[in-house]
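Residue-level structure breakdown
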Amino acid sequence: MIKRLDVLIVAICISVCARCSRGIHEDAKLNFTSLAAKYGHRVEEHHVVTEDQYVLKLFHVVGDARRPVLLVHGMVDSADTFMIRGNASLAIALVNNGYDVWAFNARGNRYSRSHRRLNPDVDMRFWDFSFHEMGYYDLPAAIDHVLGRTKQPQLRAIGHSQGNTVFYVLGSTRPEYNEKIKVMIALAPVCFLEHVKPPVSTLLDSFPVFDRVLRLFGMEEVFNDRSLVRRVFEAVCSAGAVSYDVCGHGLIFAISGSDPAEFEPEFLPVVVAHYPSSTSRKNGVHVGQVARRKRFARYDYGPRGNAAVYNASVPPSYDLGKVSMRIALFASRNDAISSIRDAETLRDRLPNVVDYKVLKYKRLNHLDHVWGRNMHKYLFPYIFSTLSAYD
């Protein structure tokens, strides 16, 4: 009965939206490689195996091998986020300015949903990870692969949202990797979540409820491309003007900060065709723990689990004092997830912050850093200035 209802809901949404979706921009139908080719750039697809046997896909937008840059996406996202703006995308802007671009895909998303032994559709052990494993296993594998292919001793990195959180995990737990990063640019930096305001704070506080529901239904993966939630979201949010009110103003702006000038209605169908991408239930739980407990710490398994894993009743905090890589933090006033106060706390805890900027454009929100249509004016000049300082 439930399956029949699911099918009926999807059918209704698709039929209602069919006429509206015929005019969707063709970029909504293209993956990372196809998008790059459309805009005149050659992409190599590389597969990297982590120490714990996850198979990750790296997209290499070919440029000058002497200047590698690793792009790392945020939560429930993929490398697509750096390409869906076409010629206005960060990946293309970097290649056009002489950099060799490597776009990362964290374990579990649509491009890295693979393992040497575990089947993600059958074996739920595949989904037993959070951002900790992304920083501890995924980043080292990607970094070593890029440096091996380019024959360079160091690379530059740009992370968005959770895509910079994982570097703090890396630098604190595997400090030898600090020396392999020439500079890391943190866009919309996320580490501490103490001063997040509603509705995002309400959402984070509700994570335990969502967690119990997902556990009840045995769901360890969220936002699978074939899931009911993902399919309904794409159908509803691709339905023209009404969808922009519901999904743009009502959802995306609510959780990121409102900025209609940088996120036009015509761009919404392109976004929802690529975002969100799959991740684990555990990853969301870990983020919620950081927010509620006001500690940037490892995953909390409860007193008994922590005793078994950490030999302590509470999980240890990540030692930011060990994150010695050069870091540039770019924050924004209208960011509903990464507040200025939390960014300042991160700035004060990291030992090697080479630049800290609150960007001038006052409406700049959390997602504008990767999706804003005028970032060549408001953001890219700062990125290129920082990168060039360490060429």
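Parameters and conventions
Residues numbered from 1 in each chain as written. Predicted model: local features only at pLDDT ≥ 70, side-chain atom pairs only at ≥ 80, totals over all residues. Heavy atoms only, no water. Helix = DSSP H or I, 4+ residues; strand = E, 2+ residues; numbered from the N terminus. Rg over C-alpha atoms; globule rule 2.2 N^0.38 Å. Buried < 20%, exposed > 50% of the residue type's maximum accessible area, 1.4 Å probe, protein only. Contact = heavy atoms within 4.5 Å. Areas by Shrake-Rupley, 256 points an atom, 1.4 Å probe, with all protein chains shown as cover. Pairing = 2+ DSSP bridges. Axes fitted to C-alpha atoms, helices over the stretch in contact; angles between N-to-C directions. Core = buried A, V, L, I, M, F, W, Y, C linked by side-chain atoms within 4.5 Å. Patch = residues over 30% accessible without salt bridge, like charges linked within 9 Å, V, L, I, M, F, W, Y side chains within 5 Å. Salt bridge = Lys/Arg side-chain N within 4 Å of Asp/Glu carboxyl O. UniProt positions renumbered as here; feature names shortened; annotations may be inferred. Disulfide = S-S within 2.5 Å.

Each helix and strand counted, the protein chain has 16 helices and ten strands in total. Relative to the 2.2 N^0.38 estimate, which gives 21 Å for 391 residues, the radius of gyration of the protein chain is 20 Å and therefore close to what a compact globule would have. Counting only C-alpha atoms and orienting by the principal axes, one finds that the protein chain spans roughly 55 × 55 × 40 Å. Among the 391 residues that make up the protein chain, the fraction classed as buried is 56%. For the protein chain, contacts bridging at least 24 residues in sequence account for 76% of all contacts bridging at least 6. Approximately 16700 Å² of the protein chain is accessible, and the part contributed by carbon and sulfur atoms is 54%.

The next thing to look at is the sheet that holds strand β3 (residues 68-72). Sheet architecture is open: eight strands sit in the order β1-β2-β4-β3-β5-β6-β9-β10, paired in mixed fashion. At either margin of the open sheet sits one strand with a lone partner, and together these are β1 (43-49) and β10 (353-358). Direction aside, neighbouring strands of the sheet carry axes that sit 20° apart on average. Pairing of strand β5 (residues 155-160) with strand β6 (residues 181-187) involves six bridges; the strand directions are parallel. Each residue of the ladder has a partner; that of Ile 158, found in β6, is Ile 185.

The next point concerns the environment of Val 272. Tracing the backbone through its elements, the reader meets Val 272 in helix α10 (residues 268-274). When the C-alpha positions of Val 272 and Ser 238 are compared, they lie 7.4 Å apart, and in sequence the two are 34 residues distant. When sequence neighbours within four positions are dropped, the list of residues in contact with Val 272 reads Arg 230, Phe 233, Glu 234, Cys 237 and Ser 238.

Grouped together as the largest cluster of nonpolar side chains are 56 residues, with contacts concentrated most on Leu 94, Ile 158 and Ile 383. Take this core: its biggest share by element is six residues, from helix α3 (residues 90-96). Filtering out sequence-adjacent residues up to four positions away, Ile 383 remains in contact with Leu 90, Ile 158, Ile 185, Leu 187 and Phe 330. With 52 residues, the next largest nonpolar core counts Ile 143, Phe 167, Phe 192 and Phe 207 among its residues.

A separate point is a nonpolar patch on the surface. A contiguous nonpolar surface patch, about 500 Å² in accessible area, is contributed by Val 209, Val 213, Leu 216, Phe 217 and Met 219. In this fold, Leu 216 is placed in helix α7 (residues 207-216). Leu 216 sits in the exposed class, given a relative accessible area of 67%.

Our focus in this paragraph is the UniProt feature "domain: AB hydrolase-1" (unreviewed entry) in the protein chain. UniProt's entry tags residues 68-193 with the feature "domain: AB hydrolase-1" (unreviewed entry), counted in the numbering of this structure. Secondary structure within residues 68-193 divides into 31% helix and 17% strand; the distance between the first and last C-alpha atoms comes to 31 Å.

Right, let's get into the state of the cysteines. The tally for this structure, following the rule as stated, stands at one disulfide. Residue Cys 237 pairs covalently with Cys 247 via a disulfide, S to S 1.9 Å. Negative torsions about the S-S bond denote left-handed disulfides, and the value of about -80° found for Cys 237 with Cys 247 makes this one left-handed. Of this pair, Cys 237 sits in the loop between α8 (228-236) and α9 (241-256) while Cys 247 is found in helix α9, placing the two residues ten residues apart along the sequence. Each member of the pair, Cys 237 together with Cys 247, is buried.

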